[in-house]
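Observations on the model geometry
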Amino acid sequence: MEKLEQVRIISLPRIEDPRGNLSIVEEMEHIPFAIERSYWIYDVPGGVARGGHAFREQQEFIIALSGSFDVKVDDGRQSKVFSLNRSYYGLFVPPGLWRQMDNFSTNSVALVLSSTQFDEDDYIRDYNEFVKTYTHAPTNSL
Ligand code: TYD
């Protein structure tokens, strides 16, 4: 299956309650990987984009715990945009895709569950290198 087709919204259980709702995510149960790390992005100024990079190994699951933002995923040929705006679902992103997050609403919080511990060597931060690595596109370089 094409990598871009593996990117998908996963709905999480919702326990609705007049005292306030509750949602759950368990590794290997609701998402297809074990969680090695969690981080969150908050206090994002208006108009800013985050996460313009790809991961070689890291799988991730991104939830808009509060507010809303867009996640753009790109395989070097095509891209798709997913708008996240509820805390009871998230976006599964396999490795080997360029992804960027933008259009953060005021006070939004992005929770990222990751399959790996932090490793800068897992990042590809140069878009041209990403395209070369993942599309085997012919390049014009001599
Ligand atoms: P980065 O992943 O580049 O942020 P984003 O993709 O959202 O723009 O991380 C920003 C900085 O934080 C970078 O210097 C690496 C550091 N960082 C860690 O030290 N540990 C982590 O788990 C993460 C996600 C980032």
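Attention here is on the structure that accompanies the text. For clarity, every value in this text was computed on a predicted model and none was experimentally measured.

A few points about the site of the ligand
Around the ligand sit Arg-37, Tyr-39, Ile-41, Arg-50, Gly-51, His-53, Phe-118, Tyr-123 and Arg-125, and those are all the residues in its vicinity. Note that an oxygen atom of the ligand is positioned 2.6 Å from one of the side-chain N or O atoms of Tyr-123. Between the ligand and Arg-125, the relevant distance is 2.9 Å, taken from an oxygen atom to a side-chain nitrogen or oxygen of the residue. Coverage of the ligand by the protein chains reaches 61% of its 530 Å² of free accessible surface. Among the secondary structure elements, those contributing two or more residues to the shell around the ligand are strand 4 (37–41) and strand 5 (50–55).

Let's talk about the side chain of Glu-60
With respect to the helices, strands and loops of the structure, Glu-60 is situated in strand 6 (residues 60–66). In this structure the side chain of Glu-60 is engaged in a polar contact, spanning 3.0 Å, whose partner is the side chain of Gln-58. Residues within four places of Glu-60 in sequence aside, it is in contact with Phe-33, Tyr-39, Phe-55, Leu-91, Phe-92, Val-93, Arg-99, Val-112 and Leu-113.

The rules behind the values
- Residues numbered from 1 in each chain as written.
- Predicted model: local features only at pLDDT ≥ 70, side-chain atom pairs only at ≥ 80, totals over all residues.
- Heavy atoms only, no water.
- Near = heavy atom within 4 Å.
- Polar contact = N/O pair within 3.5 Å; in protein donor to acceptor, adjacent residues only side chain to side chain.
- Areas by Shrake-Rupley, 256 points an atom, 1.4 Å probe, with all protein chains shown as cover.
- Helix = DSSP H or I, 4+ residues; strand = E, 2+ residues; numbered from the N terminus.
- Contact = heavy atoms within 4.5 Å.

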